[in-house]
Each structure stands twice: as structure tokens, then as C-alpha cells.
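A closer look at the structure
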Amino acid sequence: MFVCEQTGCVPDMLVLGKGLGGGIMPMAALIARPELDIAADRALGHYTHEKSSVGCAAALATLEVIEEEGLLAAARELGRHALERLGVMARRHAWIGAVRGIGLYLGVEIGQCGEHDANAAAERVMYRCLDAGLSFKLGGGNVVTLCPPLTIARPDLDRALDILEGAIAASDRSAGRRSAARTDRHRRGSM
């Protein structure tokens with residue numbers, strides 16, 4: 001369920017949030033090694049979402065659904081499918097610098113990290129995707145970060161990937177036109 005389990009890393013603490021409440025109830029949890037639990041008999045703060053019986057019920061129900069519906073196995077399978085499709089995209093579009101992912105947490109690097117042009121290109125891709133109904137965030141300025149819900153159906157995932165590829169292709173074409181126009185202006189200026 002957690003990246004640390006897949007990488008062999010043993011964290012001191014594991015913080016769970018957002019999805020723990022099933023996307024409905026604000027809920028978070030902190031899981032720590034027993035030797036770090038040095039104040040078990042004390043309340044360290046009072047927060048709006050603390051000790052919510054409804055939040056706890058939502059969290060338990062969320063964990064049950066993940067287990068009973070086999071959502072982790074489905075995420076691994078859909079993630080493999082998405083990475084294959086993204087790899088094909090990367091071979092077709094020079095703007096894609098790298099693709100990576102684990103389960104349904106996927107990243108598509110546009111250009112090279114830190115390059116101004118890469119950040120601008122990624123932003124153009126993002127806005128084209130938003131216009132087509134696909135929403136995501138950019139990480140590091142140029143990494144398209146896709147993290148669909150574990151319950152996504154394969155046709156919906158494919159539609160999202162189609163939208164992304166269309167946006168990349170359109171951005172690639174418009175960049176080619178701008179580059180050709182700059183080259184043409186440069187040639188005319190040097191005559």
C-alpha cells in the first residue's frame with residue numbers, strides 16, 4: 001500500500017492523509033515506531049479532525065474497500081498499462097524527457113528539469129489538458145503528475161492518456177511553428 005513497502009525502506013514515521021477519509025471526511029493518521037511514542041499518555045494538541053468517530057469510521061471503511069475490492073492489485077496493473085502507454089508516447093514525442101511511476105502515481109517529465117522552456121512547455125500542456133477536461137499538477141515546474149483515484153476504470157485512464165498525448169502533440173506542433181518563425185526571422189535579418 002505504501003511506497004516504503006515497495007522499496008524496502010523502513011520509515012521512522014508514516015503520515016497518512018487526504019485519501020484516508022475516502023476523499024469525503026478530513027482524516028489523517030501518524031504511525032510511528034513504538035520507541036518514538038514517548039507521550040502516549042498525553043494529548044499533544046487539539047485539532048478539528050482529531051478523535052472524530054465519523055472520521056475514524058470513514059477511514060476504516062476506506063481501508064476495507066481498498067482491501068475487499070482489490071484496488072492495490074488493480075492500481076499495479078493499471079499503472080503498468082499507463083507506463084507502457086507513456087513509454088510509447090515518449091518515443092513518439094521528443095518533448096518527453098522521461099516517464100516514471102509506481103502503481104497509479106505517474107510522472108511525465110517535459111524537457112529537462114530546470115529549463116525555462118521545459119517549464120513553459122509543461123504549462124502549455126497542462127492548460128491544453130484542462131481545456132479538454134483533464135486536471136493534474138506540475139511537479140518541479142516541468143513534471144506532469146498524474147495520480148488518478150484507485151477506482152479509475154481502464155477506459156477512463158486511457159481517455160486521460162489520450163488527452164495528455166493530444167496536448168503534448170499540439171504543444172510540440174506549435175513549438176515547431178514558433179521555432180520555424182524564429183529561424184525565418186533570423187534568416188531575413190541576416191540578409
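Residues numbered from 1 in each chain as written. Predicted model: local features only at pLDDT ≥ 70, side-chain atom pairs only at ≥ 80, totals over all residues. Heavy atoms only, no water.

**Digging into helix α2 (residues 53-68)**
- With 16 residues, α2 ought to run about 22 Å at 1.5 Å a step, and its terminal C-alpha atoms sit 22 Å apart, in line with that.
- Every buried residue of α2 is listed here: G55, A58, A59, T62 and I66. Each buried residue of α2 sits inside an arc of 100° when the element is viewed along its axis, so together they form one side. Facing away from the buried side of α2 by over 90 degrees, the exposed positions are S53, V54, L60, E67 and E68.
- Turning to α2, the residues buried within the fold contact α3 (71-92).
- Positioned one or two residues after α2, G70 has a phi angle of 60°, which is positive. (Helix = DSSP H or I, 4+ residues; strand = E, 2+ residues; numbered from the N terminus. Expected span 1.5 Å × (residues − 1). Buried < 20%, exposed > 50% of the residue type's maximum accessible area, 1.4 Å probe, protein only. Arc of directions from axis to C-beta. Contact = heavy atoms within 4.5 Å.)

**Let's talk about the nonpolar core**
- I110, C129 and L164 are the most contacted members of the largest nonpolar core, which has 28 residues in total.
- Other than its neighbours up to four places away in sequence, C129 contacts L134, F136, I163, L164 and A167. (Core = buried A, V, L, I, M, F, W, Y, C linked by side-chain atoms within 4.5 Å.)

**What to know about a negative patch on the surface**
- Negative charge collects at one region of the surface, where E64, E67, E68 and E69 lie side by side.
- Relative to the helices and strands, E64 resides in helix α2. (Patch = residues over 30% accessible without salt bridge, like charges linked within 9 Å, V, L, I, M, F, W, Y side chains within 5 Å. Areas by Shrake-Rupley, 256 points an atom, 1.4 Å probe, with all protein chains shown as cover. Salt bridge = Lys/Arg side-chain N within 4 Å of Asp/Glu carboxyl O. Lys, Arg positive; Asp, Glu negative; His and termini not counted. Charge placed at Lys NZ, Arg CZ, Asp CG, Glu CD.)

**Section: the pattern of salt bridges**
- Scanning the entire structure with this criterion turns up eight salt bridges.
- The shortest N-O distance in the salt bridge between D12 and R33 comes to 2.3 Å. Of this pair, D12 sits in the loop between α1 (3-7) and β1 (13-16) while R33 sits in the loop between β2 (29-32) and α2, and the two are 21 residues apart along the sequence.
- A relative accessible area of 30% means that R33 is categorised as partly exposed.
- For E77, the salt bridge goes to R80, with nearest N and O atoms at 3.0 Å. Residue E77 and its partner R80 are both found in helix α3; the two are separated by three residues, about one turn of the helix.
- Note on E77: relative accessible area 41%, which makes it partly exposed.
- R80 sits in the partly exposed class, given a relative accessible area of 46%.
- Taken together, the shared-partner salt bridges connect R85, R154, D158 and D162 into one network.

**Observations concerning helix α4 (residues 116-131)**
- In a regular helix each residue adds 1.5 Å, so 16 residues correspond to 22 Å; α4 covers 23 Å between its end C-alpha atoms and thus fits that length.
- Of all the positions in α4, only A118, A121, A122, V125, M126 and C129 are classed as buried. The buried residues of α4 occupy an angular sector of 140° when the element is viewed end-on, so they sit on one face. With respect to the buried face of α4, the exposed residues turned more than 90 degrees away are H116, D117 and D131.
- G133 sits one or two residues past α4 and shows a positive phi near 100°.

**Structural notes on the confidence of the model for the protein chain**
- Across the protein chain, the average pLDDT comes to 85, with 84% of residues at or above 70.
- Element-level mean pLDDT values for the protein chain span from 73 in helix α5 (residues 154-189) up to 97 in strand β6 (residues 143-146).
- Predicted confidence for residues 177-188 stays below pLDDT 50, and this span has one contact to residues more than four positions away or in other chains. (pLDDT = per-residue confidence, 0-100.)

**Regarding the layout of surface pockets**
- One number sums up the size of the largest pocket: a volume of about 1100 Å³.
- Among the secondary structure elements, those contributing two or more residues to the lining of the largest pocket are α1, β1, α2 and α3.
- Within the lining of the largest pocket, the residues separate by chemical class into 19 nonpolar, eight polar and two charged. (1 Å grid on protein atoms, 1.4 Å probe; cavity = no way out; pocket = protein on both sides within 12 Å on 5 of 7 lines; lining within 4 Å. Points joined across faces, edges and corners; volume = space filled by probe spheres on them. Nonpolar A, V, L, I, M, F, W, Y, C, P; charged D, E, K, R; others polar.)

**Quick word on the sheet that holds strand β4 (residues 105-110)**
- Overall, antiparallel pairing links the four strands, which are arranged β3-β4-β6-β5 in an open sheet. Sheet topology places β3 (96-102) and β5 (137-139) at the edges, where each strand pairs with a single neighbour. In this sheet, neighbouring strand axes are inclined to one another by 25° on average, regardless of whether the strands run parallel or antiparallel.
- With three bridges joining them, β5 and β6 adopt antiparallel strand pairing. Paired with L138 across the bridge in β6 is V144. (Pairing = 2+ DSSP bridges. Axes fitted to C-alpha atoms, helices over the stretch in contact; angles between N-to-C directions.)

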